[in-house]
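# What the coordinates show
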Amino acid sequence: MSNNAIDAKMLSKMFLSGAKNLDAKKEWINELNVFPVPDGDTGTNMTMTIMSAAKEVQSLSDSSNMEAICKAISSGSLRGARGNSGVILSQLLRGFTKVVKQHDVLTVNVLAESFEKGVETAYKAVMKPKEGTILTVAKGASEKAHELAMEGCDDIESFCRQVIDYADEVLSKTPDMLPVLKQAGVVDSGGQGLVQVMKGALDGYLGKEIDMTITEEDVKPDKESGKAQPAEDIKFGYCTEFIVLLNKPLNVKQEIDFKGFLESIGDSIVMVADDEICKVHVHSNDPGLAIQRALMYGQLSNMKIDNMWMEHREKLFHENKDGSWSEIKTEVNGAAEMTPTYSAGDDIPLGDKVELNDAADEIPEGPRKDVGFVTVCAGSGLADIFRGLGVDYVIEGGQTMNPSTADILDAVAKVNADTVIVLPNNKNIILAANQAAIMSEDSEDGKKIVVVPSKTVPQGITAIINYVPDAGLDDNISSMNDSLGTVSTGEVTYAVRDTVIDDVTIKQGDYMGIGDKGILGVGSDIADVAFDMLEKMMNDDKELISVYYGDEVSEADANSLRDRISSRFPDCDVELQFGGQPIYYYIVSAE
């Protein structure tokens, strides 16, 4: 292979190497993401975006031409784009491939032109571009590429090294452009992700193995200042993303009108389209408006709506004790972000884990019931409580493990009933449950799924208690839904880092009581925090207090807390039960 040209086979190798390097560094990049209300972890979003394209590229034959590779990169990244950083990365790739696909081999001049087109396309996609982000790093790389081309550089390796070095230099200056980065002592996470893609691509060109380690020279968070930031006022609380399967390509006026409408209802707008699909990202207070407008242009797919107020709280505090972010990415990005949207009649890929036909063999013998129940929870005690209340199947999961749509369908298939009521007990499982309900509409066995959108375990328990066997299904569903609003829930867990939120100073190692709307207690004693949290949850209308203690709490300590609560609230019934749940020392409800 010439040192001054890149053919289609080499481009494919470089792209896959870049994707693999980003994947190897994604957890580290996630740690750089210190913005108060991110759409999700930047490293994870960018990785899912580029891996969607990598999958399509890898499926091509070795003899594929430049145009086929470019189509796979552009289409795959757009369809897989998640979060602002992912969408911007997809647009950088889309613009890059617009130029590349016109050439059989790539020279320095072609690469420089491709970089410029990628930056132009990405900036157009973002309604209000902000400097100090991935866009700034991409623009710096493009400017350096243009400079080298004008100087007559024709060696690919030298060109790539100099472009990457300059991109690194621009990245190191991003804290001077965004105060939140400077305060946290980190560089922009999206920009770092882009640099890692370019470094991996160069390694692919050189035939090197991808280095999976982080070197000392890499920019990293300062141990003293790299802290989570206090929450800022969130003007628009719902992060909404979806893909429009276009009836026909949007013309210029339609694109302008659609973007203008999105700007009128929210902010953080990214809207990009090709001939077949349109990817939309917007923060608003009424996601339905964006969805309704989008339906004018075609059918919707891959819909995701996240409550950013709730996500900020959970992202800060639901981190594993060992300091990893495995639970965060599952809880905040998990089912809510990874569950695809399907319509009745679609061919649903269930993967290797679930075979619904096999599940039929596990249906209990006996007469078919009118109504059955499936619920989700983590903890042997909580599972026993639900079974005691008549739940047919308990899916083990919840905060630390979000079941997929396929998992829920598998569970429903094992319940011998005409209608199966699903209690998700977690906001990030509701979307997966709703998709299961949609998919069941065309099922051959005529089984119907109804989702009662419980967001906490206590809500799920209250909902099933309100089910009356002799009442009609519609009346029961209405009653169960109404009961959700009568339950206040609090959870006691631990802090993994210093932070300030809701004007409350929290130190690493503190115990925290987290209620439905924020922090309700902080301290060094688990029982004190649980008690203080409950006091703030109570009002004159509350009659029943339920305490579920986790797998790290002794029965003696739990009994002591119950006695203390009974003394403080003598007019309320106080119930104590073993939940066995991980992560949370106590789950407390008042209703």
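The rules behind each value
Residues numbered from 1 in each chain as written. Predicted model: local features only at pLDDT ≥ 70, side-chain atom pairs only at ≥ 80, totals over all residues. Heavy atoms only, no water. Helix = DSSP H or I, 4+ residues; strand = E, 2+ residues; numbered from the N terminus. Buried < 20%, exposed > 50% of the residue type's maximum accessible area, 1.4 Å probe, protein only. Contact = heavy atoms within 4.5 Å. Axes fitted to C-alpha atoms, helices over the stretch in contact; angles between N-to-C directions. Left-handed = near helix turned anticlockwise from the far one by under 90°. Nonpolar A, V, L, I, M, F, W, Y, C, P; charged D, E, K, R; others polar. Pairing = 2+ DSSP bridges. Phe/Tyr/Trp six-rings, centres within 6.5 Å; stacked < 30°, edge-to-face > 60°. Lys NZ or Arg CZ within 6 Å of the ring centre and 35° of its normal. Salt bridge = Lys/Arg side-chain N within 4 Å of Asp/Glu carboxyl O. Disulfide = S-S within 2.5 Å. pLDDT = per-residue confidence, 0-100. Right-handed = clockwise from strand over helix to strand, strands pointing away. Polar contact = N/O pair within 3.5 Å; in protein donor to acceptor, adjacent residues only side chain to side chain.

Let us look at the overall build of the protein chain. Scanning the protein chain from N- to C-terminus turns up 22 helices and 16 strands. Residues counted as buried form 56% of the 591 residues belonging to the protein chain. Intrachain contacts of the protein chain at a sequence separation of at least 6 include 74% that bridge at least 24 residues.

Further remarks concern the packing of helix α1 (residues 8-32) against helix α10 (residues 189-206). The angle between the axes and the distance between the axes are what describe a pair of packed helices. Two elements in contact, α1 and α10, have axes whose closest approach is 6 Å; the angle formed by their N-to-C orientations is 145 degrees. Taken as a pair, α1 and α10 cross one another with a handedness that is right-handed. Contacts from M10, K13, M14, S17, G18, N21, L22, K25, W28, I29 and L32 in α1 reach S189, Q192, G193, Q196, V197, K199, G200, A201, G204 and Y205 in α10. Looking at the contact of α1 with α10, its residues break down into nine nonpolar, nine polar and three charged.

A large share of helix α19 (residues 457-465) lies buried, amounting to eight of its nine residues. For α19, every residue scored as buried is listed here: V457, P458, Q459, G460, I461, T462, A463 and I464.

Time to look at the sheet that holds strand β1 (residues 238-246). A sheet is described by the order of its strands in space; here four strands give the open sequence β2-β3-β1-β4, paired in antiparallel fashion. The open sheet has two edge strands with one neighbour each: β2 (266-273) and β4 (298-307). Here the average twist between neighbouring strands, direction ignored, is 10 degrees. Pairing geometry for β2 and strand β3 (residues 277-284), over six bridges, is antiparallel. Bridged to D267 within β3 is H283.

Let us now look at the packing of aromatic side chains. Counted by the stated rule, this structure contains seven aromatic pairs. A centroid spacing of 5.9 Å and a plane angle of 65 degrees characterise the contact between F96 and F115, whose relative ring orientation is edge-to-face. Linking F96 in helix α4 (residues 83-100) with F115 in helix α5 (residues 108-125), this pair joins segments that are 19 residues apart in sequence. Clustering of aromatic rings is evident, with ring pairs tying together F96, F115 and F159. Across from the ring centre of F531, 4.3 Å away, lies the NZ or CZ of R564, which sits over that ring.

A side chain with one charge can pair with a side chain of the opposite charge if their charged atoms come near. Scanning the model with the defined rule gives 17 salt bridges in all. Across the pair K304 and D306 runs a salt bridge, and its minimum N-O distance is 2.8 Å. Across the pair, D306 and K304 agree in class, each one buried. One salt bridge connects E535 with R568, and the closest N-O pair in it is separated by 2.7 Å. Here R568 lies in helix α22 (residues 555-568) and E535 lies in helix α21 (residues 526-537), a separation of 33 residues in the sequence. Among the residues examined, E535 registers a relative accessible area of 33% and is labelled partly exposed. Residue classification places R568 among the partly exposed residues on the basis of a relative accessible area of 42%. Among the charged side chains, a network of salt bridges with common partners joins K117, E120 and K124.

With that out of the way, let us pick up the pairing of strand β16 (residues 586-590). Burial within β16 is extensive, with five of its five residues counted as buried. A two-sided burial pattern is seen for β16, the buried positions comprising Y586, V588 and A590 on one face and I587 and S589 on the other. Pairing of strand β9 (residues 488-494) with β16 involves five bridges; the strand directions are antiparallel. Opposite S488, over in β16, you have A590 as the bridge partner. Inspection of the sheet shows strand β14 (residues 544-549) paired to β16 by five bridges, in the antiparallel sense. Counted as the bridge partner of S546 is S589 from β16.

This paragraph deals with the state of the cysteines. In this structure the tally under the stated criterion is zero disulfides. There is no disulfide at C160, and the cysteine sulfur nearest it, in C153, is 9.0 Å away.

To continue, consider the sheet that holds β14. If you walk across this open sheet you meet the six strands as β13-β12-β9-β16-β14-β15, and the pairing is mixed. Each edge of the sheet is formed by a strand with only one pairing partner; in this case those strands are β13 (518-523) and β15 (573-578). Shown here is a sheet whose adjacent strand axes are inclined to one another by a mean of 20 degrees, direction ignored. Bridge analysis of β14 against β15 gives six bridges, and the strand direction is parallel. Bridging from a neighbouring strand, Y548 pairs with Q577 of β15. Contacting β9, β12 (511-515), β13, β14 and β16, α21 runs over the sheet at an angle of about 155 degrees to β9. In the packing of α22 onto the sheet, contacts are made with β14, β15 and β16, and the angle to β15 comes to roughly 170 degrees.

Note on placement: A411 falls in helix α17 (residues 405-413). Using a relative accessible area of 0% as the deciding quantity, one classes A411 as buried. When the C-alpha atoms of A411 and I395 are compared, they prove to be 7.2 Å apart, with 16 residues separating the residues in sequence. Filtering out sequence-adjacent residues up to four positions away, A411 remains in contact with V374, Y393 and I395.

On to the confidence of the model for the protein chain, then. Do not read the fine detail of predicted coordinates wherever pLDDT is low. Summary statistics for the protein chain give a mean pLDDT of 79 and a share of 78% for residues scoring 70 or more. Throughout residues 315-363 the model reports pLDDT below 50, and contacts reaching past four residues in sequence, or to other chains, amount to 120 contacts.

Most of strand β5 (residues 369-377) sits out of view: seven of its nine residues are buried. Both β5 and strand β6 (residues 393-396) contribute to a ladder of four bridges, which runs parallel. Looking at the pairing, T375 lines up with V394 of β6. With helix α16 (residues 380-388) bridging β5 and its parallel neighbour β6, the resulting β-α-β unit is right-handed.

So, about the environment of D155. Within the secondary structure, D155 sits in the loop between α6 (134-150) and α7 (156-172). Placed 47 residues apart in sequence, D155 and V108 show a C-alpha to C-alpha distance of 7.3 Å. For D155, the residues in contact, after removing those within four places along its chain, are N3 and V108. A polar side-chain atom of D155 sits 2.8 Å from the main-chain amide nitrogen of S158.

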